[in-house]
Amino acid sequence: MEKFSILLIIAAIACALFSDKMDLAAKKVIFVFSVGVLSVCTITLIVSILS
């Protein structure tokens, strides 16, 4: 599970880096996706550390 969450974090960072090359609507969608993925991965990592 941790490898999967690390891959999602990398995908979110990549989306955030490439979002400046897109128009405003696509930038908002990618930003929301990146924030969502990062928050889910952070919660998953915290739960896995605490358990």
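The structure under discussion appears in the preceding block.
Just so we're clear, the structure is a prediction, and the values are computed from it rather than from any experiment. (Residues numbered from 1 in each chain as written. Predicted model: local features only at pLDDT ≥ 70, side-chain atom pairs only at ≥ 80, totals over all residues. Heavy atoms only, no water.)

**Q** Just to check I follow, could you spell out the overall build of the protein for this structure?
**A** A count of helices and strands for the protein gives two helices and zero strands. A total of 51 residues make up the protein; the buried ones form 14% of that total. For the protein, the accessible area works out to roughly 4000 Å², and carbon and sulfur atoms hold 81% of it. (Helix = DSSP H or I, 4+ residues; strand = E, 2+ residues; numbered from the N terminus. Buried < 20%, exposed > 50% of the residue type's maximum accessible area, 1.4 Å probe, protein only. Areas by Shrake-Rupley, 256 points an atom, 1.4 Å probe, with all protein chains shown as cover.)

**Q** How do you make sense of the environment of Cys41 when you look at a structure like this?
**A** Of note, Cys41 is situated in helix 2 (residues 24-50). In this structure, the C-alpha to C-alpha distance between Cys41 and Ile6, residues 35 residues apart in sequence, is 7.6 Å.

**Q** Just to check I follow, could you spell out the environment of Ile6 for this structure?
**A** Along the chain, Ile6 turns up in helix 1 (residues 2-18). On the basis of relative accessible area, Ile6 is assigned to the partly exposed category, the value being 46%. Residues Ile6 and Leu38, spaced 32 residues apart in sequence, show a C-alpha to C-alpha distance of 9.6 Å.

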